[in-house]
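# Topology and contacts: notes
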Amino acid sequence: MAETVTGPADDAARIAEYPMPRASGCPFAPPPALEALREETPVTQVRIWDGSEPWLITGHAQQRALLADPRVSNDDHFGSFPHVSEYRAQIAPFTPRMIVNTDAPEHTRLRRMVTGPFLIKRIEKLREPIQKIVDDLIDDMLAGPNPADLLTALALPVPSLVISELLGVPYADHEFFQRNSSLALDRAAPPAESQAASRAMSDYLDKLLGEKLTDPGDDTLSELAGRVNAGELTRSEAVHMGVAMLIAGHETTATMISLGTLALLENPEQLAVLRDTEDPKVVANAVEELLRYLTIVHSGLRRVAKEDIEIDGRTIRAGDGILVEITAANWDREVFPDADRLDLSRPARHHNAFGYGPHQCLGQSLARLELQVVYSTLYRRVPTLRLAAPIEQLEFDNSGTTYGVRCLPVTW
Ligand code: HEM
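Residues numbered from 1 in each chain as written. Predicted model: local features only at pLDDT ≥ 70, side-chain atom pairs only at ≥ 80, totals over all residues. Heavy atoms only, no water.

### Notes on the environment of valine 114
Position of valine 114 among the secondary structure elements: in helix H5 (residues 106-115). Considering only alpha carbons, one finds valine 114 and alanine 188, 74 residues apart in sequence, at a separation of 31 Å. The residues touching valine 114, leaving out its near neighbours within four places in the chain, are Ile99, Leu224, Met241, Met245 and Leu362. (Helix = DSSP H or I, 4+ residues; strand = E, 2+ residues; numbered from the N terminus. Contact = heavy atoms within 4.5 Å.)

### Quick word on the sheet that holds strand E2 (residues 43-47)
Here 6 strands make up an open sheet; going across it, the order is E1-E2-E3-E9-E6-E4 and the pairing mixed. Among the strands making up the open sheet, the edge pair consists of strand E1 (16-17) and strand E4 (72-73). Pairing analysis gives 3 bridges linking E2 to strand E3 (residues 55-57), with the strands arranged antiparallel. Paired with glutamine 45 across the bridge in E3 is tryptophan 55. (Pairing = 2+ DSSP bridges.)

### Structural notes on helix H10 (residues 174-185)
Structural remark: α-helix, 3.6 residues per turn; residues separated by three or four positions point the same way. For H10, which comprises 12 residues, the first-to-last C-alpha distance of 16 Å matches the rise-based estimate of 16 Å (1.5 Å per residue) to within 8%. By the burial criterion, the buried members of H10 are His174, Phe177, Gln178, Asn180, Ser181 and Ala184. Close packing links the buried residues of H10 with helix H4 (86-91), helix H9 (157-167), helix H11 (191-214) and helix H13 (235-266). (Expected span 1.5 Å × (residues − 1). Buried < 20%, exposed > 50% of the residue type's maximum accessible area, 1.4 Å probe, protein only.)

### Observations regarding the pattern of salt bridges
All chains considered together, the criterion is met by 28 salt bridges. Between arginine 380 and glutamate 278 there is a salt bridge, with its nearest N and O atoms 3.6 Å apart. Taken together, the residues span a long stretch of sequence, with arginine 380 in helix H17 (residues 364-381) and glutamate 278 in the loop between helix H14 (268-276) and helix H15 (280-294) at a distance of 102 residues. Taking relative accessible area as the criterion, glutamate 278 reaches 68% and is therefore assigned exposed. Glutamate 289 is the partner of arginine 292 in a salt bridge, and the nearest nitrogen-oxygen pair spans 2.8 Å. In this pair, arginine 292 and glutamate 289 are both assigned in helix H15, 3 residues apart and thus about one turn of the helix distant. By the burial criterion, arginine 292 is buried, and glutamate 289 matches it. (Salt bridge = Lys/Arg side-chain N within 4 Å of Asp/Glu carboxyl O.)

### Looking at unusual backbone geometry
In this structure, proline 105 follows alanine 104 across a cis peptide bond, with omega equal to 5°. Its location among the elements puts proline 105 in the loop between H4 and H5. Despite not being glycine, threonine 295 has its phi angle at roughly 30°, a positive value. Checked against the element boundaries, threonine 295 lands in the loop between H15 and strand E6 (301-305). Of note in the backbone geometry, aspartate 338 takes a positive phi value of approximately 50° without being a glycine. Tracing the backbone shows aspartate 338 in the loop between helix H16 (326-329) and H17.

These values are about where atoms sit, not about what they do.
Right under this line is the structure:
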């Protein structure tokens, strides 16, 4: 048989397009093409919307190595940074330096300004108030129309109420900041609308911070205002930190509550584990497994190489873009046997759902606590909870930073 000779044209044709579509069968599974890449070449190149070819990292170990590597940068002002959309690329040169797009030592300085409120022992003090929020919302849901949309009845208000309280943002404005933060993150939204939404959020936080500079309360925004008064942060840095926390603090957790409930309703024997336990360790582990199984941040953690990096027999050159696909790594069968099975008893805490390294999720202890309270309360208080529409009729949201359901009709 004649040998097949492959040239550059064949190589170009073989490069996969990213992002990849999910299969229609299981709404929780990562795109099959992504899984295939992880099995064959966990470090490979893909083509994105602007024709550039960043590295796609799908292996669990390779992701951790790169996310912790100081030669890997979050600097989205860098020319070849692999932006998520044309709009993001256009505004990148004008985006302020903030916690999400800086490297050490600047990132270390900014992050240190907000680690206090997110320390586990401070977050743990919120358990009782969060339990009250969840109980009250479930009371309201049960007293209201049946069926209900779990997203609006519980999944969105829990994190919104909690982050508003923590930051010192009036919850009465929640429709404003929910709408604008969702628009700011939506890849499919018209660029002018996303830009207007980001500006509206900054103006809103700036006004609030202005008030806290002279009249501080007992909240995180007031702590930031104190740092501005002490000359440790500029006013603009404090505002953008507030915006980052407000945006990151509710959509993610809301998505985990709604998609997590859907996954549990589809796996009743797993739901029973949560419904029937009183053991906080069982609940905490269930949260880790749901974070792994669903990995809602599905748009690739974006980075750029500052120096040449050897990994897995490949050389990522200085200036190359990097996409870390945590959805794929959390279904890596070498790390999580039978990864496609939701198993609330498996040890899952070493998932990458909160990222890894210096930029790993700032709010993870808060998110864990909120999810523990919701998952350990909802199915016990409403043991007859079930879907009010066939799963095939649900609409899934693929266009944001997180993957979730647009509406979750439930009945009881
Ligand atoms: C289940 C809920 C959540 C998930 C799955 C999640 C996921 C993530 C992930 C994957 C990253 C890393 C991004 C990267 O490396 O590029 C991240 C960063 C971040 N998260 Fe979360 N998050 C959640 C909840 C929260 C909450 C409640 C807050 C509250 C403030 C928050 C604030 C942040 C911030 C500020 C960063 C940036 C940290 C940095 O760049 O140093 N997140 N999150």
